[in-house]
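# Summary of the model geometry
One-letter residues, chain by chain:
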Amino acid sequence: ANRMTAPAGPSGAAPLLPLEKSDTVILVAYQLPLTVSRAEGGGWEVEWDDESVLNQHALSLGCRVMWVGGVGCAVDPDEEEGLAQLLLEGYSCLPVFLPAALTDRFYHGFCRSYLRPVFHNRMR
């Protein structure tokens, strides 16, 4: 059977198929697994945050990973496009830029009040 029409498993759910090098996994997180800061003299300094729970080394997925999430620092609206291009091309990251007030409400409201109780310690 090909990857799109694999037969259902005994529970009726689609079986888990191994990832192939040509696959892309999209990971959405509150914050990208990067450290992003302003460079002296302008521009940005970006590096992978190996201490992040979700980081490029810990997952070892063996396929392309596209990251989606916040950058963890304030970015002026006129700088968003340039930073987004840098992160997409150099790190396969798609940043989400939210105003500070919305970021706070999203994290302390939706993430902590709804998502965390549903998903925390539920993955097997």
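Quick look at the structure, then. (Residues numbered from 1 in each chain as written. Predicted model: local features only at pLDDT ≥ 70, side-chain atom pairs only at ≥ 80, totals over all residues. Heavy atoms only, no water.)

Take unusual backbone geometry next. Although it is not a glycine, S92 sits at a positive phi angle of roughly 55 degrees. Looking at where S92 falls in the secondary structure, it is placed in the loop between α2 (80-91) and β5 (93-95). (Helix = DSSP H or I, 4+ residues; strand = E, 2+ residues; numbered from the N terminus.)

With that out of the way, let us pick up the pairing of strand β2 (residues 34-38). Where a strand is regular, its side chains alternate between the two sheet faces. Pairing of β2 with strand β3 (residues 44-48) involves five bridges; the strand directions are antiparallel. Each bridged residue has a counterpart across the sheet, and for R38 the counterpart in β3 is W44. Taking the residues between adjacent antiparallel strands as the criterion, β2 and β3 are bridged by five residues, where G41 takes a positive phi near 85 degrees. (Pairing = 2+ DSSP bridges.)

A word on helix α3 (residues 100-119). Taking 1.5 Å of rise per residue, 20 residues should cover 28 Å, yet α3 covers just 25 Å from first to last C-alpha, more than 12% shy of that figure. The largest bend along α3 reaches roughly 45 degrees and is located at C111. Once α3 finishes, N121 follows within two positions and takes phi at roughly 60 degrees, a positive value. (Expected span 1.5 Å × (residues − 1). Bend = angle between axes of the 7 residues up to and from the residue.)

Before going further, it helps to examine the nonpolar core. Counting 16 residues, the largest nonpolar core has L34 and L87 as the members making the most contacts within it. Within the residue set of this core, elements represented by two or more residues are β1 (24-31), β2, β3, β4 (64-70) and α2. At three residues, α2 tops the list of elements feeding residues into this core. In this structure, L34 is in contact with V46, E47, W48, D49, L87, Y91 and C93, ignoring residues within four places of it in sequence. (Core = buried A, V, L, I, M, F, W, Y, C linked by side-chain atoms within 4.5 Å. Buried < 20%, exposed > 50% of the residue type's maximum accessible area, 1.4 Å probe, protein only. Contact = heavy atoms within 4.5 Å.)

Right, let's get into the sheet that holds β4. Ordered in space as β1-β4-β5, the three strands form an open sheet in which the pairing is parallel. The open sheet has two edge strands, β1 and β5, and neither has a second partner. If you compare each strand with its neighbour and ignore which way they point, the axes differ by 20 degrees on average. As paired strands, β1 and β4 are joined by six bridges and run parallel to one another. Bridge pairing in β4 places T24 opposite R64. This element, α2, spans β4 and β5 of the sheet and lies at about 160 degrees to β5. (Axes fitted to C-alpha atoms, helices over the stretch in contact; angles between N-to-C directions.)

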